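# Remarks on the overall topology
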Amino acid sequence: MVTEPRPEDDHVVMWITEIRMAVVFVKELRKWIESDNKLGTNSGTVRVTPQPVSQPVSLLRLPQFFSTCMSFSLVADMGIHRGYVGNWFMSIWCFCCAVTLIVLTVELRRFPSEFPFFWYLSNTYACYAALFCLSASIIYSLTYVQFLPYGPHRDQAIAVTAFSCIASVFYAMEVVKMWERCKIYKTSCYVLTVPGLLKVLETFMAGIIFAFISNTSLYLHQPALEWCVAVYSICFIPAALAILLNLEQWEYRLPGPFPLFQLVLSLLSILLYISALVLWLLYQFNKEFGGHPQRSSDEDCKDELAYDMCAWDQRLAVAILTAANLLVYVTELGYWACQVSVETKALPRVS
């Protein structure tokens with residue numbers, strides 16, 4: 001008696017095949033490294049690599065690549081069952097997988113010595129990748145996985161979340177390792193400092209907000225909500241420019257002291273974010289201003305079988321992210337206030 005194969009068996013075979021392909025890829029990379037080292041030794045040439053780039057950190061690229069590749073592959077295999085949320089996060093995992101492979105290839109070929117910006121860019125990418133994979137795991141599980149019926153697609157979605165969490169852990173380990181090496185070799189990297197990490201958080205949260213407000217029906221009907229969107233854009237641009245300026249210490253070309261400039265910028269951003277938070281809450285959740293105070297009052301959220309975030313969920317997510325980013329700006333204001341105070345005390349007094 002011949003039994004027909006079950007869908008669960010197909011998924012198991014697919015996972016085993018992908019794991020075997022990853023193992024083969026790792027073996028080929030190992031052979032590539034050994035042959036490259038032998039070639040450099042025999043030819044008498046010496047390849048110069050920046051001190052902060054080390055083999056243990058480079059080895060973290062392999063589990064990063066494997067985890068993001070598995071997340072991307074499993075979501076892509078779900079087809080029409082992955083939903084809008086799945087499509088959005090699939091692009092994130094695909095991007096992280098591709099960039100990690102590029103970074104790994106560049107490091108293995110000893111190219112960082114030829115590109116001075118490579119080390120700073122790889123550190124910046126690791127910070128953002130850790131945040132993106134972590135947020136993807138949380139949002140994907142809260143807005144999609146829990147609404148799936150029990151079955152192979154739900155198990156596959158849970159596996160996607162698990163691999164994304166693993167990827168975020170390995171990216172965070174890379175950031176910690178590079179931070180430790182910066183302390184040992186007394187080198188500087190802006191994104192591995194307190195103000196740099198705060199800027200990364202600010203731009204990251206703003207990017208997530210932009211993703212949620214890509215649904216223009218949330219704000220185009222009200223000028224006050226359009227002002228909120230303008231605030232997110234106005235505050236995002238200086239934060240992104242600050243990261244770029246610090247890659248080559250271009251901040252010293254500013255006409256005034258950089259800490260004082262950042263202090264004023266943080267204060268303005270706080271004021272703008274406070275206005276955006278108040279207006280968003282009023283016009284999105286207050287009935288007197290045309291908002292929806294409860295999820296059940298929103299027409300888009302009445303379908304309990306929908307696998308995507310409804311409009312009310314998106315409004316709530318933007319409100320939470322706005323409040324969280326406001327706290328980050330307040331923390332940054334406190335940091336720069338301390339820096340300005342220290343510099344002011346260090347100035348010579350005129351008698």
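First, a word on scope: everything that follows refers to the structure included in this document. (Residues numbered from 1 in each chain as written. Predicted model: local features only at pLDDT ≥ 70, side-chain atom pairs only at ≥ 80, totals over all residues. Heavy atoms only, no water.)

## Here's the deal with the environment of Cys-182
Its location among the elements puts Cys-182 in helix α6 (residues 152-185). The buried category is assigned to Cys-182, whose relative accessible area is 8%. Spatially, the C-alpha atom of Cys-182 lies 8.4 Å from that of Leu-192, the residues being 10 residues apart in sequence. Beyond its immediate stretch of four places on either side in the chain, Cys-182 contacts Trp-119, Thr-187, Cys-189 and Leu-192. (Helix = DSSP H or I, 4+ residues; strand = E, 2+ residues; numbered from the N terminus. Buried < 20%, exposed > 50% of the residue type's maximum accessible area, 1.4 Å probe, protein only. Contact = heavy atoms within 4.5 Å.)

## Remarks on a nonpolar patch on the surface
On the surface, a nonpolar cluster with roughly 600 Å² of combined accessible area is contributed by Leu-260, Val-264, Leu-267, Leu-268, Leu-271, Ile-274 and Val-278. Along the chain, Leu-268 falls in helix α9 (residues 258-285). A residue is classified by how much of its surface remains accessible, and Leu-268, at 48% relative accessible area, is partly exposed. (Patch = residues over 30% accessible without salt bridge, like charges linked within 9 Å, V, L, I, M, F, W, Y side chains within 5 Å. Areas by Shrake-Rupley, 256 points an atom, 1.4 Å probe, with all protein chains shown as cover. Salt bridge = Lys/Arg side-chain N within 4 Å of Asp/Glu carboxyl O.)

## A word on helix α8 (residues 223-245)
Here α8 contains 23 residues, and its C-alpha end-to-end distance of 33 Å stays within 8% of the 33 Å for a straight helix at 1.5 Å per residue. All of the buried residues along α8 are Ala-224, Leu-225, Cys-228, Val-229, Val-231, Tyr-232, Cys-235, Ala-239, Ala-242 and Ile-243. (Expected span 1.5 Å × (residues − 1).)

## Points about the pattern of salt bridges
According to the stated counting rule, one finds 3 salt bridges in the structure shown. The partner of Glu-202 in a salt bridge is Lys-199, with the nearest N and O atoms 3.6 Å apart. Taken as a pair, Glu-202 and Lys-199 lie in helix α7 (residues 194-212) at a separation of 3 residues, close to a single helical turn. Each member of the pair, Glu-202 as well as Lys-199, is classed as buried. Salt bridges sharing partners connect three or more residues here, namely Lys-199, Glu-202 and Glu-332.

## Brief notes about the packing of aromatic side chains
Applying the stated criterion across every chain yields a total of 13 aromatic pairs. Taken together, a centroid distance of 5.2 Å and an interplanar angle of 80 degrees make the contact between Tyr-335 and Trp-336 edge-to-face. Using a relative accessible area of 24% as the deciding quantity, one classes Tyr-335 as partly exposed. Residue classification places Trp-336 among the buried positions, given a relative accessible area of 6%. One aromatic cluster in this structure is built from Trp-88, Phe-89, Trp-93 and Tyr-140. (Phe/Tyr/Trp six-rings, centres within 6.5 Å; stacked < 30°, edge-to-face > 60°.)

## Here's the deal with the environment of Val-200
Take Val-200: it is sitting in helix α7. What makes Val-200 buried here is its relative accessible area of 1%. Placed 69 residues apart in sequence, Val-200 and Leu-131 show a C-alpha to C-alpha distance of 9.3 Å. Discounting chain neighbours no more than four positions away, the residues touching Val-200 are Cys-127, Tyr-128, Leu-131, Val-191 and Ile-243.

## Concerning the side chain of Glu-202
Taking the relative accessible area as the measure of exposure, Glu-202 reaches 1% and is therefore buried. Ignoring any residue separated from it by four or fewer positions in sequence, one finds Glu-202 in contact with Ala-239, Asn-325, Val-328, Tyr-329 and Glu-332.

## A look at the packing of α8 against α9
Running from amino to carboxyl end, α8 crosses α9 at an angle of 155 degrees, the nearest separation of the two axes being 9 Å. Judged by the inter-axis angle, α8 sits roughly antiparallel to α9. As for how α8 packs across α9, the hand of that crossing is left-handed. Judged by residue contacts, Ala-224, Leu-225, Trp-227, Cys-228, Val-231, Tyr-232, Ile-234, Cys-235, Pro-238 and Ala-242 of α8 engage Gln-262, Leu-265, Ser-269, Leu-272, Tyr-273, Ser-275, Ala-276, Leu-279, Trp-280, Tyr-283 and Gln-284 from α9. (Axes fitted to C-alpha atoms, helices over the stretch in contact; angles between N-to-C directions. Parallel < 35°, antiparallel > 145°, perpendicular 65-115°, else oblique. Left-handed = near helix turned anticlockwise from the far one by under 90°.)

## Regarding the state of the cysteines
Summed over the entire model, instances satisfying the criterion amount to 0 disulfides. With no disulfide of its own, Cys-94 lies closest to Cys-97 among cysteine sulfurs, the gap being 6.7 Å. Counting only cysteine sulfurs, Cys-96 is the nearest neighbor of Cys-133, a cysteine outside any disulfide, at a range of 4.2 Å. Overall, the relative accessible area of 0% leaves Cys-133 in the buried class. (Disulfide = S-S within 2.5 Å.)

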